[in-house]
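Listed here are the chains, written in short residue letters.
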Amino acid sequence: MKRFVPLLLVATMCATAGAQNSAVLYWNLPTTPSQLAYGAGTLVMAGEPQGSAANPASLADVKWRSLATAGVQWWGGVFGGSVAATLPVGKRSGTAAVTAGYWGLGAITAYDERGNPLGSVSAQAVCGGVHYGRRLFGGLSAGAGAVFSNLVLPQRSDLGLAFTAGMHYRWRFLSASLLARDLGPKYPVNAAGRGKLPSALTAGVRSSFWGERIAAGLQLEARDGERPYPVAALEAAPVPLVTARLGYSGERDRPEMSPLGAGIAVRTTGRQDFAVEYGYRSYGRLGRVQALSLGIRF
Amino acid sequence: MKRIVLLVAAPAALMLAAGNPASAHPAPGYRCFFGNLHAHTRYSDGESTPDTAYAYARDVAGIHIQALTEHNNGGIGYSITPANYQNLLLVADTITSPGRFVALAGQELGSIGSSGFGHLNVWETPGLWAYNNSDLLGCYSWLMAQRQPAMFNHPDSNWASNFNDLYFYPDYDDAISLLEVVNHNTLYENSYLRALAKGWHVGASANQDNHSRTWGTRTGSAGTALTGVWADTLTKPAVLEALRSRRTFAMLCKPIGEKFQLSLTADGRWMGERYLRQPGRCTLQVTASSPDSIFSKLYLYRDGVIADSTMPNLNVVSWRIELDAGIGSHYYFVKALQRGGGRGWTSPAFVEVAPKRDDDLVVTWPTPVADQGARIAFTPLDGATRVTAEIFNLAGARVWRAVSADPAASIRWDGRDAQGRPMPNGIYLIIVEQAGPAQTKTSKGKTMVSR
């Protein structure tokens, strides 16, 4: 436990308004088991390419190629999925990642003002991004990413763009990250009525100990228009190849979301590593969310 | 599939007297009173004084309710002064005699000039509207704050903008409760139909718009215009409640003095009510009665179109109609014709039928939701006393919440979040909880915002 020394990072909160106007709402919705289990804590506990891409500064620590696909069953008849890949560009040139996601938002019966059924309407969203991180000097690295999200509705679509910039420091078993996320133009960029982006500032630390069999992260998340809240994450491998995950979110602006998320991962090791993961979080009266992913690292 | 049952009762048995509140009228729960809700004195552009006008309506015309609605033109020309308005309120209170006569003090707002939006009556507000000739939405907003009944007067496109062509502003739906289907000798039935078709929830009224000494007796070739008001007692609070609730009918009495009674209930609920119901057969009950005049034809209007009719040729009619109410929002009203030329229009019953396919489904009308917002419709729980509606975005954040004490009505969502910001496009989940003394029911639904 002596090795687990949390760092305290003081974050300056930037504040505007419009928390619901996120250009990248569908990018930010979790699609992977670890994102589901850890919530925002994925940014310091990334285990798969999707999570690494969300914190581009930490990509500098990724020295392997990987590919992962994930699917999530959301509440309300909504389903999502994503694929992501990481690719070390060169020995000293850092690591890049690309991500793509899709959300099927379901079909709804359309009605006129008087309640006459007008048939069915459906909606979907596609999102994606490119991300890059590289080491600067010593244990310090930097990264940046650009993401988009396009909400497709009947007879219109809403395009959002956002950017992430961050710093990451690694020293032995400790790492710390400071990220500014969801920076960008007003949303939607292709509409007359646009709202400010609710950018977010994230500061967090991660430490692993006991031969990497246990890892823990602590993070502070502050998004414009919402109350800052802490996030904690714990990962433990009590038996080889099996990892259990537990996440805690202190977020109060989502009253139905359970503060606890959980997950499990099974890995095989060898020339290539394979991983099958599962994550779960309850959203109370809204329903439950569960995700399954398959990944390969080589 | 309709089943019509026409019942006839012997006139003698009902002991009807049109000038007398008809406790024997088949429609239960309320008594019918006759009123004239639109008139003037020399406080604006009419003749004589308020006390004379009220006394005339009570003693000569023999009606139960007389409103004086002096022009409020912001002090221009024939506008009532604030001092005179306060005096009008005082006189109306003094003359009102519970059980015998109710005098209402009111004002006729707005202008029918080239830049005006039209005329609106509102009754028993504590003060005058700060006149603005062209600020229709400001006027609606002020009316909402007064919480008193108000009425579209002589709504006709010949008059100025005619309330922006009766454009329906959902946020101000509650500002107006009545529409003048008849003003003296002129019919505005088409405007009644148009206002209802556009979405206004307004009831029917007929008035004389007196400018001379004929309060309650002004008659033209079409007849004598009066409003029938169904109230539980002849008191000012009860009459105002009835006007707010649209428990009224418009009538043109012909021959002169031949007042009649007309009412409509839907599923036992009085005309004027807005209520949610489960899918199934809807029962409408029409009652019409007159001391002598024969009702030659009754028309049932459904969503602005004649859906049924009957030719009773009787002076007392009870007409029961059963029909399948399709999913959606509907309004029903009845138009009655008398052999002697008299005519009447009931206020509509506003029926909202929630979707049938899923007992726990919540929907929004319209879907997708745009700038005008929507009504949240759900299958009502019998005996519910409290309804809570919440809207969540896909991230799980609750963006809006409303609590209603009226479990039988749909809930209006203006399409904005709790801070009043327009909700961005996307998919949202709705949870409606209906709580009653015995049980609680939770229903869910999904909606789409697309502006």
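Computed from a predicted model, the values in this text were never measured in an experiment.

### A few points about the overall build of chain B
Next, step 1: When you go through chain B residue by residue, the secondary structure sums to seven helices and 28 strands.
Next, step 2: For chain B, whose C-alpha radius of gyration is 22 Å, the value lies close to the compact-globule estimate of 22 Å for 451 residues.
Next, step 3: Dimensions along the principal axes, computed over C-alpha positions, put chain B at roughly 65 × 55 × 40 Å.
Next, step 4: By the burial criterion, 60% of the 451 residues in chain B qualify as buried.
Next, step 5: Counted over contacts in chain B with a minimum sequence separation of 6, partners at least 24 positions apart contribute 68%.
Next, step 6: Of the roughly 15,700 Å² of accessible surface on chain B, 50% is carried by carbon and sulfur atoms.
Next, step 7: Charge centroids of chain B, computed over 40 positive and 38 negative side chains, lie 4 Å from each other.

### Thoughts on the layout of surface pockets
Next, step 1: In this structure, the largest pocket occupies an estimated 1,400 Å³ of space.
Next, step 2: Along its surface, the largest pocket is lined by 50 residues, and B:Pro170, B:Asp173, B:Asp174, B:Arg274 and B:Arg412 are the ones closest to its centre.
Next, step 3: Within the residue set of the lining of the largest pocket, elements represented by two or more residues are α4 (136–146), α6 (189–198), β19 (328–338), β21 (349–353), β23 (374–378), β25 (398–404) and β26 (411–413) of chain B.
Next, step 4: Sorting elements by how many residues they give to the lining of the largest pocket places α6(B) first, with three residues.
Next, step 5: Mapping the lining of the largest pocket onto the domain boundaries places at least three of its residues in each of domain 1 (3–353) and domain 2 (362–449) of chain B.
Next, step 6: For the second largest pocket, the calculated volume is near 980 Å³.
Next, step 7: In this structure, the second largest pocket is lined by 48 residues; those nearest its centre are A:Ala46, A:Gly47, A:Trp64, A:Arg206 and A:Arg297.

### Observations concerning the state of the cysteines
Residues and elements named next belong to chain B.
Next, step 1: Throughout the structure, instances matching the rule amount to zero disulfides over all chains.
Next, step 2: Note on cysteine 253: no disulfide assigned, nearest cysteine sulfur contributed by cysteine 32 at a separation of 10 Å.
Next, step 3: Looking at cysteine 253, the relative accessible area reads 1%, which means it is buried.

### Regarding empty space enclosed by the protein
Residues and elements named next belong to chain A.
Next, step 1: All told, the structure shown has two cavities of 30 Å³ or more when counted by the stated rule.
Next, step 2: In terms of lining residues, the largest cavity is bounded by 45 residues, among which Trp27, Asn28, Leu29, Pro30 and Arg181 are the most central.
Next, step 3: Here the element with the most residues in the lining of the largest cavity is helix α1 (residues 25–28); it accounts for four residues.
Next, step 4: A breakdown of the residues in the lining of the largest cavity according to their chemical character gives 21 nonpolar, 16 polar and eight charged.

### Quick notes on the interface of chain B and chain A
Next, step 1: Taken together, the contacts link 41 residues of chain B with 40 residues of chain A.
Next, step 2: With both chains or domains summed, chain B and chain A bury close to 3,300 Å², and 58% of this area falls on carbon and sulfur atoms.
Next, step 3: By the criterion of area lost to chain A, the three top residues of chain B are B:Leu394, B:Ala395 and B:Lys446, representing 21% of everything that side buries.
Next, step 4: Among the ionic pairs, B:Glu390 bridges to A:Arg285, the shortest N-O distance being 2.8 Å.
Next, step 5: Taken together, the connections running from chain B to chain A amount to 14 residue pairs in polar contact (both at pLDDT 80 or more).

### Things to note about the sheet that holds strand β27 (residues 426–435) of chain B
Residue and element names in this part refer to chain B.
Next, step 1: The four strands lie next to each other as β25-β24-β27-β28, forming an open sheet whose pairing is antiparallel. Edge strands, defined here as strands with exactly one partner in the open sheet, are β25 and β28 (440–449). Neighbour to neighbour, the strand axes of the sheet diverge by 15 degrees on average, direction disregarded.

### Details of unusual backbone geometry
Next, step 1: Following A:Tyr187, the chain continues into A:Pro188 via a peptide bond in cis, with omega recorded as -10 degrees.
Next, step 2: For A:Pro188, the position within the fold is in the loop between β7 (174–183) and β8 (200–209).
Next, step 3: For the bond from B:Thr367 to B:Pro368, the omega torsion is 0 degrees, close enough to zero to count as cis.
Next, step 4: As for its position among the elements, B:Pro368 is in the loop between β22 (362–365) and β23.
Next, step 5: Despite not being glycine, B:His154 has its phi angle at roughly 25 degrees, a positive value.
Next, step 6: Residue placement: B:His154 occurs in the loop between β6 (150–152) and α5 (162–166).

### Here we look at the environment of B:Lys254
Residues and elements named next belong to chain B.
Next, step 1: Tracing the backbone through its elements, the reader meets lysine 254 in the loop between β11 (248–253) and β12 (261–266).
Next, step 2: Since its relative accessible area comes to 30%, lysine 254 is described here as partly exposed.
Next, step 3: Considering only alpha carbons, one finds lysine 254 and alanine 222, 32 residues apart in sequence, at a separation of 7.3 Å.
Next, step 4: A distance of 2.7 Å separates a polar atom in the side chain of lysine 254 from the backbone oxygen of serine 221.

### Looking at the pairing of strand β11 (residues 242–249) of chain A
Residue and element names in this part refer to chain A.
Next, step 1: A one-sided burial pattern is seen for β11, the buried positions being Thr243, Arg245, Gly247 and Ser249 and the unburied ones Val242, Ala244, Leu246 and Tyr248.
Next, step 2: Bridge analysis of strand β10 (residues 229–239) against β11 gives seven bridges, and the strand direction is antiparallel. Residue leucine 234 lies in a different strand from β11, and its bridge partner there is leucine 246.
Next, step 3: Counting the residues between successive antiparallel strands, the hairpin from β10 to β11 contains two residues, one of them, leucine 241, with a positive phi of roughly 75 degrees.
Next, step 4: Looking at chain direction, β11 and strand β12 (residues 260–268) are connected through seven bridges and run antiparallel. Bridging from a neighbouring strand, arginine 245 pairs with glycine 263 of β12.

### With respect to the nonpolar core
A general trend in soluble globular proteins is that nonpolar side chains are found buried together.
All names here are of chain B.
Next, step 1: Within the largest apolar cluster, 52 residues are counted, with the highest numbers of intra-cluster contacts made by Tyr54, Leu88, Phe249, Leu284 and Leu300.
Next, step 2: For this core, the element with the highest residue contribution is helix α3 (residues 82–95), accounting for six residues.
Next, step 3: The residues contacting leucine 300, other than those within four sequence positions of it, are Leu284, Val305, Ile306, Ala307, Asp308, Trp319, Ile321, Leu323, Tyr332, Phe333 and Val334.
Next, step 4: Counting residues in each nonpolar core, the second largest holds 39 residues, with Ala150, Tyr169, Ala206 and Ala250 among its members.

### A closer look at the pattern of salt bridges
Next, step 1: Counting across every chain of the model gives 32 salt bridges over all chains.
Next, step 2: Measuring nitrogen to oxygen at the nearest pair gives 3.4 Å for the salt bridge that ties B:Asp324 to B:Arg281. Taken together, the residues span a long stretch of sequence, with B:Asp324 in strand β18 (residues 316–325) and B:Arg281 in strand β15 (residues 280–289) at a distance of 43 residues.
Next, step 3: B:Asp324 sits in the partly exposed class, given a relative accessible area of 46%.
Next, step 4: In this structure B:Arg281 comes out as partly exposed when scored by relative accessible area, which is 35%.
Next, step 5: Note that B:Arg302 is salt-bridged to B:Asp303, the shortest N-O span being 3.7 Å.
Next, step 6: For B:Arg302, a relative accessible area of 24% corresponds to the partly exposed category.
Next, step 7: Through salt bridges with shared partners, one network takes in A:Glu256, A:Arg285, B:Glu390, B:Arg398 and B:Glu433.

### A closer look at the sheet that holds β26(B)
Residue and element names in this part refer to chain B.
Next, step 1: Ordered by their spatial adjacency, three strands build an open sheet running β22-β23-β26, and the pairing between neighbours is antiparallel. Either end of the sheet is taken by a strand with one partner, and the two such strands are β22 and β26. On average, each strand axis in the sheet is tilted by 35 degrees relative to the strand beside it, whichever way the strands run.
Next, step 2: Of the strand pairs in this sheet, β23 and β26 are connected by three bridges, and their pairing is antiparallel. Across the sheet, the residue bridging to isoleucine 376 is isoleucine 411, located in β26.

Rules behind the numbers
Per chain, the residues get numbers from 1 upward, laid out in the order the sequence is written. Think of it this way: whatever chain is written first is A, whatever ligand is written first is 1, and the rest follow in order. Local features in a predicted model are, by the rule used here, given only for residues with pLDDT of at least 70; side-chain atom pairs are given and counted only at 80 or more, and totals for whole chains, interfaces and linings are based on all residues. Hydrogen atoms and water are omitted, and side-chain values are computed over all heavy atoms in the structure. Helix numbering and strand numbering both begin at the N terminus, where a helix is a DSSP run of H or I of at least 4 residues and a strand a DSSP run of E of at least 2. Radius of gyration means the value over C-alpha atoms here, while the globule rule gives 2.2 Å times the residue count to the 0.38 power. Think of it in three bands: with a 1.4 Å probe and only protein chains considered, a residue is buried below 20% of the maximum accessible area for its type, exposed above 50%, and partly exposed in between. Pairs of residues are marked as contacts when any of their non-hydrogen atoms sit within 4.5 Å. What sets the accessible areas is the Shrake-Rupley method with a 1.4 Å probe; for residues, cover comes only from the shown protein chains. In this charge count, Lys and Arg are treated as positive and Asp and Glu as negative; neither His nor the chain ends contribute. Throughout, a charge is located at the NZ atom of Lys, the CZ atom of Arg, the CG atom of Asp or the CD atom of Glu. Grid points spaced at 1 Å over the protein atoms alone were grouped into cavities, where a 1.4 Å probe fits but cannot get out, and pockets, open sets with protein on both sides within 12 Å along at least five of seven lines, with lining residues defined by an atom within 4 Å of a point. Grid points are joined across faces, edges and corners, and a volume is the space filled by probe spheres set on the points. Those domain boundaries reflect an automatic or database domain assignment. Note on terminology: disulfide denotes any pair of cysteine sulfur atoms within 2.5 Å. Side-chain classes are defined by residue name, with Ala, Val, Leu, Ile, Met, Phe, Trp, Tyr, Cys and Pro counting as nonpolar, Asp, Glu, Lys and Arg as charged, and the others, Gly among them, as polar. Each of two parts loses accessible area, computed with a 1.4 Å probe, when they are put together; buried area is these two losses added. Throughout this description, the term salt bridge denotes a Lys or Arg side-chain nitrogen within 4 Å of a carboxyl oxygen of Asp or Glu. Any pair of N or O atoms that falls within 3.5 Å is considered a polar contact. Within protein, one atom must be able to donate a hydrogen and the other to accept it, and sequence-neighbouring residues count only if both atoms are side-chain atoms. When DSSP locates at least two bridges between a pair of strands, those strands are taken to pair. All axes here are fitted lines through C-alpha atoms, helices being fitted over the stretch that makes contact, and every angle between N-to-C directions spans 0 to 180 degrees. Grouping buried Ala, Val, Leu, Ile, Met, Phe, Trp, Tyr and Cys residues that are joined through side-chain atoms within 4.5 Å yields what is termed a nonpolar core.

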